[in-house]
Amino acid sequence: MGYKDQIDLLKLPRHVAIIMDGNGRWAKGKGKLRVFGHHNGVLSVRDVVEGSCEIGLEYLTLYTFSSENWNRPKLEVMAIMELLVSTIPKEIETFMKNNVRLNAIGELSMLPPKCHKELINVINKTSVNNGLTLTLALSYSSRREIVQAAKAIALKVQEGRLAIDDIDEEIFESNLYTGNMPDPELLIRTSGEFRISNYLLWQIAYAELYFTNKLWPDFRREDFFEAIADYQKRERRFGLISEQVN
Ligand code: FPP
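So, how was this worked out
- Residues numbered from 1 in each chain as written.
- Predicted model: local features only at pLDDT ≥ 70, side-chain atom pairs only at ≥ 80, totals over all residues.
- Heavy atoms only, no water.
- Near = heavy atom within 4 Å.
- Polar contact = N/O pair within 3.5 Å; in protein donor to acceptor, adjacent residues only side chain to side chain.
- Areas by Shrake-Rupley, 256 points an atom, 1.4 Å probe, with all protein chains shown as cover.
- Helix = DSSP H or I, 4+ residues; strand = E, 2+ residues; numbered from the N terminus.
- Nonpolar A, V, L, I, M, F, W, Y, C, P; charged D, E, K, R; others polar.
- Pairing = 2+ DSSP bridges.
- Axes fitted to C-alpha atoms, helices over the stretch in contact; angles between N-to-C directions.
- Contact = heavy atoms within 4.5 Å.
- Buried < 20%, exposed > 50% of the residue type's maximum accessible area, 1.4 Å probe, protein only.
- Parallel < 35°, antiparallel > 145°, perpendicular 65-115°, else oblique.
- Left-handed = near helix turned anticlockwise from the far one by under 90°.
- Right-handed = clockwise from strand over helix to strand, strands pointing away.

### So, the site of the ligand
Near the ligand, the surroundings consist of 17 residues, among which Asp-21, Gly-24, Arg-25, Arg-34 and Arg-72 are the closest. Within the side chain of Asp-21, an N or O atom sits 2.9 Å from an oxygen atom of the ligand. Note that an oxygen atom of the ligand is positioned 3.1 Å from one of the backbone N or O atoms of Asn-23. Bound to the protein, the ligand loses 91% of the 620 Å² it would expose on its own. Those elements that place two or more of their residues in the shell around the ligand are helix H2 (23-29), helix H3 (34-55) and helix H4 (74-90). Of the residues contributing to the shell around the ligand, the split by class is five nonpolar, eight polar and four charged.

### Focus on the sheet that holds strand E2 (residues 59-66)
Spatially, six strands are ordered E3-E4-E2-E1-E5-E6 in an open sheet, and the strand pairing comes out parallel. Each end of this open sheet is capped by a strand with a single partner; those strands are strand E3 (101-105) and strand E6 (208-211). For this sheet, the mean inter-axis angle between neighbouring strands, taken without regard to orientation, is 20 degrees. Note: strand E1 (residues 15-19) against E2, five bridges, orientation parallel. Each bridged residue has a counterpart across the sheet, and for Ala-17 the counterpart in E2 is Thr-61. The strands touched by H4 within the sheet are E2, E3 and strand E4 (133-140), with E2 carrying the most contacts at an inclination of about 145 degrees. This element, helix H9 (residues 221-232), spans E1, E2, strand E5 (186-189) and E6 of the sheet and lies at about 135 degrees to E5.

### Structural notes on the side chain of Gln-203
Relative to the helices and strands, Gln-203 resides in the loop between E5 and E6. Relative accessible area serves as the criterion here: at 2%, Gln-203 is assigned to the buried category. Only 3.2 Å separates the side chain of Gln-203 from the side chain of Glu-145, close enough to count as a polar contact. For Gln-203, the side chain forms a polar contact with the side chain of Thr-178, separated by 2.7 Å. In this view, Gln-203 contacts Tyr-140, Glu-145, Leu-176, Thr-178, Asp-183 and Pro-184; residues no more than four positions away in its chain are not counted.

### Here's the deal with the packing of H3 against H9
Between H3 and H9, whose axes approach to 8 Å, the crossing angle comes to 50 degrees. The pairing of H3 with H9 is recorded here as oblique in orientation. The hand of the H3/H9 crossing is right-handed. On H9, the residues touching Asp-47, Val-48, Glu-50, Gly-51, Ser-52, Glu-54 and Ile-55 of H3 are Arg-221, Phe-224, Phe-225 and Ile-228. Residue composition of the contact of H3 with H9, grouped by class: five nonpolar, two polar and four charged.

### Description of the pairing of E3
Two elements, E3 and E4, share five bridges in a ladder whose sense is parallel. In the strand pairing of E4, Leu-102 is matched with Leu-134. Chirality of the crossover, the property in question, places the unit of E3, helix H6 (residues 113-125) and E4 among those that are left-handed.

And the structure:
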C-alpha cells in the first residue's frame, strides 16, 4: 500500500509549508555545480504541486528564496533568479489545468524586474483559479514580515484608524503577508537539518514539524504523502490534555 492510500482525505491539513533544502549538497554529491541541484529541485516542486492537487490540498507554501539568500555568491543568486524567470511562465498551462492559484510572499520588490514581472503576470493569470493556492516565499524573512506588520499596525494607530486596545492576535495576523491564509498545520523540512531558518515564525505556532533526510531534489509526491500520513497519526493537543481532545 502506498502512502497515498494511507491518507484520510477527510482529515487533510489545509495548509502545508515546506523548507526545500539540500539542493547544493545533492549537486555536490554528484560532482556538479550547486545550480544543477536547483534545476533538479524544480522537478520536485512540480511533482509535489501535482501531488497536492491530486489529494485536494488547499494551501502549499514553499520557501523558495530567503532574504538571507541574497548574500550567497552572486553567480548562484543570478542563476536562481534566472531559473525562476524561465520556470514560472512555463508552468501557466499546468496551473490552469490543475486549477492552481499562484501567490507570493516576501519583499518582492527586491526581485530583479524581469523576475518580478513574470511572477506578477502568472499570479494575475491564475487568480481566477480556486483549487490549490501555491505560495512562493521569495526574498522572505519572517522577522521582517513581523516587523512590517507591527509598523502597519502602528501607522493605523497613529492615524486614528485603530485603537491600541483593539490590537489582538487576529488583527496582528491580518497584517502579515499570510493574512488571508490559514496557518500551516504541517511544516516539512528536507535534508536532515533541524532548523526553522526564519520561516513563518508566527504562523507555525501550532504546526506539526516533519524532518526528513531526503535532499530536496530527491523528494517526490510519495515522500510528501508519507509526511501527511505521519501528520495524521499525531495527536494535536493545542495545550490541552489527551482526554480533552478525544
Ligand atoms: C535550498 O537548498 C534551496 C534554495 C535556496 C533554492 C530553492 C529553489 C528551488 C528548488 C527552485 C524553485 C523553483 C520554483 C519554480 C519554486 P540549498 O541551496 O540551501 O542546499 P544546501 O543546503 O545543500 O546548500
